[in-house]
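# Chains, contacts and geometry: an overview
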Amino acid sequence: MDKHRGFTLLELLVVIVIIGLLAGYVAPRYFSQVGKSETQVARAQIESIEKALDHYRLDNRRYPSNEEGLAAIAPYLKKALPKDPWGQAYVYRVPGEKGSEFEVFSYGRDGKAGGTGEDADIGLGVQTAAETSLSK
């Protein structure tokens, strides 16, 4: 018998359903991890910016003014001044609230003040429940 046999429509439908079920199970878990990693990247970048600000202060005996902004610390960074993981510029404020000399923060995924979860502000000293569980 020299007859070539292919897959039946029923076999193809079963395979497609199995792939769909696997994707439906894996995708939500994967995308929740992406949000957590973006928050961790933002925290690491803020720490790097704060270290560069400290080096700037050692050389100039002051932190950059609001007008100078973070552009003043570009020579103190190994790479160009980063944007947050959502493509927005980090916010620099002098003096910071609550008596700090400065604040560097990101407004989070939504780009607006406040928010919860991935939309929460990062770097203002306020930790969301998700960030608290990451630090444990």
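A short tour of the structure in this document, coming up. (Residues numbered from 1 in each chain as written. Predicted model: local features only at pLDDT ≥ 70, side-chain atom pairs only at ≥ 80, totals over all residues. Heavy atoms only, no water.)

Here we take up the overall build of the chain. Within the chain, the regular secondary structure consists of two helices and two strands. Along the chain, helices (α) and strands (β) appear in the sequence α-β-β-α when read from the amino end. Within the chain, the proportion of its 136 residues that are buried is 22%. For the chain, the proportion of contacts with a sequence separation of at least 24, taken over those separated by at least 6, is 42%. When the accessible surface of the chain is split by element, carbon and sulfur atoms take 59% of a total near 9,800 Å². (Helix = DSSP H or I, 4+ residues; strand = E, 2+ residues; numbered from the N terminus. Buried < 20%, exposed > 50% of the residue type's maximum accessible area, 1.4 Å probe, protein only. Contact = heavy atoms within 4.5 Å. Areas by Shrake-Rupley, 256 points an atom, 1.4 Å probe, with all protein chains shown as cover.)

Here we come to the packing of aromatic side chains. Taken as a whole and judged by the stated rule, the model has four aromatic pairs. Through a chain of ring-to-ring contacts, the aromatic side chains of Y63, Y92 and F102 assemble into a single cluster. (Phe/Tyr/Trp six-rings, centres within 6.5 Å; stacked < 30°, edge-to-face > 60°.)

Moving on, we get to the pattern of salt bridges. Under the counting rule described, the total for this entry stands at five salt bridges. Between R62 and E68 there is a salt bridge, and its shortest N-O distance comes to 2.8 Å. When its relative accessible area of 31% is taken as the criterion, E68 is described as partly exposed. The shortest N-O distance in the salt bridge between R93 and E103 comes to 2.8 Å. Remark: E103 occurs in strand 2 (residues 103–105) and R93 occurs in strand 1 (residues 91–93); sequence separation between them is 10 residues. Bridged by salt links that share partners, the residues R109, E118 and D119 form one connected network. (Salt bridge = Lys/Arg side-chain N within 4 Å of Asp/Glu carboxyl O.)

In this section: the side chain of S106. For S106, the location among the structural elements is in the loop between strand 2 and helix 2 (129–135). Among residues more than four places away in sequence, those in contact with S106 are I46, D84, W86, Y90, D121 and I122.

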